[in-house]
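Survey of secondary and tertiary structure
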Amino acid sequence: MKKAYLSNLKLFDSSDARFPLDFDEVLRKKKAIFVEFLSLDAQELLAWNLFGDLAMPQQIEQILSLVPADKTLRLREENVTLEHLALPSNVFVLEERDPEFENFSSNPVEVEKPLFFVKEDNEPGVFIESSVRGCKPVQRETFSTPEEGQVLYTLEPFAEDKIEELARLQFRVLNSYRVAKNDLERRLLKKVPERFRALFVEMLDLQG
């Protein structure tokens, strides 16, 4: 029998709402990965941590109802409890976590290229890349262009007038500082290293 594995997808997870991620965007990617997983050429589907810590019973039941009737899904969950839920007749709880789950991740927040693992009986098995690219957060101190599957961000402050342009380039900034009010401030700011400009502007404002 051919089996397909999905590892640590974590639908509806609180960590997906943290900077620099967009919760709804991540959830769309994860749902697309799950649908792709269901379409794999395998009779038995196995998933570890399909759900994250925010998954509600109604959401869990809705997701599990998508499993095709001609396939079986076996789950092992660490973030939610499946007890007392109305599971479909072809969905079961795994008593133990299969060691195959430890070798890869299907979570787009964890990897640039989410993977599935497919094996048949005693054959070695193969990894299959999802068509959905990741959104893995990668921190940078200065601006750079993200590689495929990454979400670049910085904790260093940038001027407010640069934030919109950086966002278009998929570079996300947590903190910002105001632009210069006049030519004197503008000349002074140019002489201050980038990483100290937010502090410099704050000092100017304190002086009135």
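The model shown is predicted, which means the values in this text are computed figures rather than measured ones.

**Re the side chain of S106**
Note that S106 resides in the loop between β4 (91–93) and β5 (115–120). Look at S106 and you get buried, because its relative accessible area is 0%. Within the local environment of S106, its side chain forms a polar contact with the backbone oxygen of L115, the two atoms lying 2.6 Å apart.

**Here we look at the sheet that holds strand β8 (residues 150–154)**
Taking strand neighbours across the sheet as the criterion, the three strands line up as β7-β8-β10 in an open arrangement whose pairing is parallel. The open sheet terminates on both sides in strands that have one partner only, identified here as β7 (136–139) and β10 (171–173). The mean inter-strand angle of the sheet, taken between neighbouring strand axes irrespective of direction, is 35°. As defined by bridge partners, β8 adjoins β10 across three bridges and the pair is classed as parallel. Across the sheet, the residue bridging to T154 is V173, located in β10.

**Regarding the domain arrangement of the chain**
For the chain, the assigned domains are domain 1 (2–135) and domain 2 (138–207). If you look at the interface, domain 1 gives nine residues, while domain 2 gives ten residues. Note on domain 1 versus domain 2: buried area summed over both sides is about 810 Å², and carbon and sulfur give 65% of it. Looking only at domain 1, the three residues that lose the most surface to domain 2 are F19, P20 and E112, adding up to 63% of its buried area. At the boundary of domain 1 with domain 2, the tally comes to one salt bridge. Notably, a salt bridge pairs E25 with R172, separated by 3.6 Å at the nearest N-O pair. Between domain 1 and domain 2 we count three residue pairs in polar contact (both at pLDDT 80 or more) in total.

**Comments concerning the nonpolar core**
Core analysis: the biggest nonpolar cluster contains 30 residues, and L6, F37, L50, F51 and L73 have the highest contact counts within it. Those elements that provide at least two residues to this core are β1 (2–7), α1 (23–38), β2 (44–48), α2 (57–64), β3 (72–76) and β5. Looking at which element gives the most residues to this core, the answer is α1, with five residues. Ignoring sequence-local partners within four residues, the contact set of F37 consists of A4, Y5, L6, L45, L46, L73 and F116. Core analysis: the second largest hydrophobic core is formed by seven residues, Y5, L46, F104 and F117 among them.

**Some details on the pattern of salt bridges**
Counted by the stated rule, this structure contains nine salt bridges. A salt bridge links R168 to E164; the shortest N-O distance between them is 3.7 Å. Taken together, the positions of R168 and E164, both in helix α3 (residues 160–168) and four residues apart, correspond to about one turn of that helix. Of the two residues, R168 and E164, neither departs from the other in class, the shared state being exposed. Within the structure, one salt-bridge network assembled from shared partners comprises K3, E44 and R74.

**Comments concerning the pairing of β8**
Here β8 lies mainly inside the structure; five of its five residues are buried. Residues Q150, L152 and T154 line one face of β8 and the alternating positions V151 and Y153 line the opposite face, and both faces are buried.

**Description of the pairing of strand β6 (residues 126–129)**
Two strands pair when backbone bridges link them, and β5 and β6 are joined in this way by four bridges, in the antiparallel orientation. Bridging from a neighbouring strand, V118 pairs with V126 of β6. Where β5 folds back onto β6 in an antiparallel hairpin, the turn is made up of five residues, including D121, whose phi is positive at roughly 50°.

Thresholds applied
Residues numbered from 1 in each chain as written. Predicted model: local features only at pLDDT ≥ 70, side-chain atom pairs only at ≥ 80, totals over all residues. Heavy atoms only, no water. Helix = DSSP H or I, 4+ residues; strand = E, 2+ residues; numbered from the N terminus. Buried < 20%, exposed > 50% of the residue type's maximum accessible area, 1.4 Å probe, protein only. Polar contact = N/O pair within 3.5 Å; in protein donor to acceptor, adjacent residues only side chain to side chain. Pairing = 2+ DSSP bridges. Axes fitted to C-alpha atoms, helices over the stretch in contact; angles between N-to-C directions. Domains from an automatic or database assignment. Contact = heavy atoms within 4.5 Å. Buried area = accessible area lost by both parts, 1.4 Å probe. Salt bridge = Lys/Arg side-chain N within 4 Å of Asp/Glu carboxyl O. Core = buried A, V, L, I, M, F, W, Y, C linked by side-chain atoms within 4.5 Å.

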